[in-house]
Amino acid sequence: MFDFTLTEEQRALQSLVREFVAREVKTRVAALDAEPDPAKSVPWDIIRAANQVGLRNLSLRKDFGGGGQDCVTLGMCVEELAVGDLGISVIFAQNWKIMQMLQSAGTEEQLRRLLIPLRDDPIGVMAVAWSEPESGSDMAWPCRDPKGGPKLACVQ
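Criteria and cut-off values
Residues numbered from 1 in each chain as written. Predicted model: local features only at pLDDT ≥ 70, side-chain atom pairs only at ≥ 80, totals over all residues. Heavy atoms only, no water. Helix = DSSP H or I, 4+ residues; strand = E, 2+ residues; numbered from the N terminus. Buried < 20%, exposed > 50% of the residue type's maximum accessible area, 1.4 Å probe, protein only. Expected span 1.5 Å × (residues − 1). Arc of directions from axis to C-beta. Contact = heavy atoms within 4.5 Å. Salt bridge = Lys/Arg side-chain N within 4 Å of Asp/Glu carboxyl O. Axes fitted to C-alpha atoms, helices over the stretch in contact; angles between N-to-C directions. Parallel < 35°, antiparallel > 145°, perpendicular 65-115°, else oblique. Left-handed = near helix turned anticlockwise from the far one by under 90°. Nonpolar A, V, L, I, M, F, W, Y, C, P; charged D, E, K, R; others polar. Phe/Tyr/Trp six-rings, centres within 6.5 Å; stacked < 30°, edge-to-face > 60°. Lys NZ or Arg CZ within 6 Å of the ring centre and 35° of its normal.

A. Structural detail: the overall build of the protein chain. On a plain count of helices and strands, the protein chain comes out with 6 helices and 0 strands. For the protein chain, buried positions account for 33% of its 156 residues.

B. Structural detail: helix H1 (residues 8-25). A rise of 1.5 Å per residue sets the reference length of H1, with its 18 residues, at 26 Å; its end C-alpha atoms lie 24 Å apart and thus fit the reference within 8%. Those residues of H1 that sit buried are Gln10, Leu13, Gln14, Val17, Phe20, Val21 and Val25. On an axial view of H1, the arc spanned by its buried residues comes to 125°, and they lie on one face. In this structure, the buried residues of H1 make contact with helix H2 (29-34), helix H3 (44-52), helix H4 (71-84) and helix H5 (86-105).

C. Highlighting the pattern of salt bridges. Counted by the stated rule, this structure contains 9 salt bridges. Where Glu8 meets Arg11, a salt bridge forms, and the shortest distance between an N and an O atom there is 2.3 Å. Of this pair, Glu8 and Arg11 both sit in helix H1, 3 residues apart, roughly one helical turn. The residue Asp63 makes a salt bridge to Arg61 at a minimum N-O spacing of 2.9 Å.

D. Examining the packing of H4 against H5 more closely. Following both chains from N to C, one finds H4 and H5 inclined at 160°, their axes separated by 7 Å at the closest point. Considering the angle they form, H4 stands roughly antiparallel to H5. Handedness of the H4/H5 crossing: right-handed. Mapping the contact onto sequence places Cys71, Leu74, Cys77, Val78, Leu81 and Ala82 in H4 and Leu86, Ser89, Phe92, Ala93, Trp96 and Gln100 in H5. Tallied by class, the residues present in the contact of H4 with H5 amount to 10 nonpolar, 2 polar and no charged.

E. Representation of the packing of aromatic side chains. Counting across every chain of the model gives 2 aromatic pairs. Note on Phe2 and Phe4: the rings are 4.7 Å apart at their centroids and 55° apart in plane angle, and the pair reads as tilted. Each member of the pair, Phe2 as well as Phe4, is classed as exposed. Centre to centre, the rings of Phe92 and Trp96 are 5.9 Å apart; their planes meet at 45°, and the pair counts as tilted. Of this pair, Phe92 and Trp96 both sit in helix H5, 4 residues apart, roughly one helical turn. For the pair Phe92 and Trp96, one class covers both residues: buried. A cation over an aromatic ring shows up here: Arg61 above the ring of Phe64, its NZ or CZ 4.3 Å from the ring centre.

F. Fine view of the side chain of Gln10. Following the sequence through the fold, Gln10 ends up in helix H1. On the basis of relative accessible area, Gln10 is assigned to the buried category, the value being 11%. Ignoring anything within four residues of it in the chain, the contact list for Gln10 reads Thr5, Asp70, Val72, Thr73 and Met76.

What follows is the structure in structure tokens.
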């Protein structure tokens, strides 16, 4: 059986995320929800603030300058962020999940080329576009069609 008792480090991180949500998320969520323009509803200032307190790169390996957190700790952080706003929680959950996927499947050269610039960008986040052309339901591994499956695209 898995013991879900939080460690001291996890409790400290939980407190940090709770304080962050109270200070940065809950104070802005109504304005974000009311924004009619989707291009203006991405909370870049919240992402930047999360970066300043070390939340943006929680799943990045420690030797790459990240938090090196495990899935249980990340799940706890996702829950705490969702208390403030589910959309903001999803932004970070996707970012952390894709960082983990790259770290488990990428070569060291790929990781350095892709993750170091992301680490250094105070608003850089990773996401998956499931409904884009050529990147639909075949995104899940393993993909039976050799021409299908995930493709990496860097959007500037």
